[in-house]
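# Remarks on the overall topology
Here are the chains, one letter per residue:
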Amino acid sequence: MDMTPTTPTIKLSESERRREVRETAQFKVTLTTAGGATRNLVTKDRSFGGISFVTEEPLSIGEDCLIVLENADQTFARFISRVVRSQNIGDRQFEIALQFRRQIAA
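Note that this is a predicted model, so its numbers are computed, not measured.

Now for unusual backbone geometry. Positive phi outside glycine occurs at Gln74, with the angle close to 70°. Even without a glycine there, the phi angle at Arg92 is positive, about 55°. With respect to the helices and strands, Arg92 occurs in the loop between β6 (76–90) and β7 (93–104).

So this is what it looks like as structure tokens:
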């Protein structure tokens, strides 16, 4: 009888899998909602597919917004993005994840 320990396999749903590797990164971001509200934020992490950040006000999952991301070299990238996660993590603290939908020429 083989008594070798095995590692359990964990299956994630398609929505739980990250499509891109995330790295911790702090970049200045200006977010504009479809309703026109603007927030200046700092990213928590980023990947080629999106960003996350913490804010005092939630956003609705599925909501589209405009992101202007200031890169480390002082250049800017503009994206139409969609909220894919909005999670309450504490007293008036919400972790938001945005997926880049398409880049807009500067």
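Once you've had a look at it, read on.
Moving on, we get to the pattern of salt bridges. Across all of its chains, the model carries four salt bridges by this definition. Between Glu57 and Arg39 there is a salt bridge, and its shortest N-O distance comes to 4.0 Å. Taken together, the residues span a long stretch of sequence, with Glu57 in the loop between β4 (50–55) and β5 (64–70) and Arg39 in strand β3 (residues 38–46) at a distance of 18 residues. Judged by its relative accessible area of 46%, Glu57 is partly exposed. We classify Arg39 as buried; its relative accessible area is 15%. Of the charged contacts in the structure, one is a salt bridge between Arg82 and Asp64, with a shortest N-O distance of 2.8 Å.

We now examine the pairing of β4. Side chains on a regular strand alternate between the two faces of the sheet. Most of β4 sits inside the fold, with five of its six residues counted as buried. Across three bridges, the pairing between β3 and β4 is antiparallel. Each bridged residue has a counterpart across the sheet, and for Thr43 the counterpart in β4 is Phe53. In this structure, the hairpin formed by β3 and β4 is closed by a connection of three residues. Summarising the sheet, β4 and β7 pair through six bridges and their orientation is antiparallel. Bridge pairing in β7 links Ile51 to Leu98.

Definitions and cut-offs
- Residues numbered from 1 in each chain as written.
- Predicted model: local features only at pLDDT ≥ 70, side-chain atom pairs only at ≥ 80, totals over all residues.
- Heavy atoms only, no water.
- Helix = DSSP H or I, 4+ residues; strand = E, 2+ residues; numbered from the N terminus.
- Salt bridge = Lys/Arg side-chain N within 4 Å of Asp/Glu carboxyl O.
- Buried < 20%, exposed > 50% of the residue type's maximum accessible area, 1.4 Å probe, protein only.
- Pairing = 2+ DSSP bridges.

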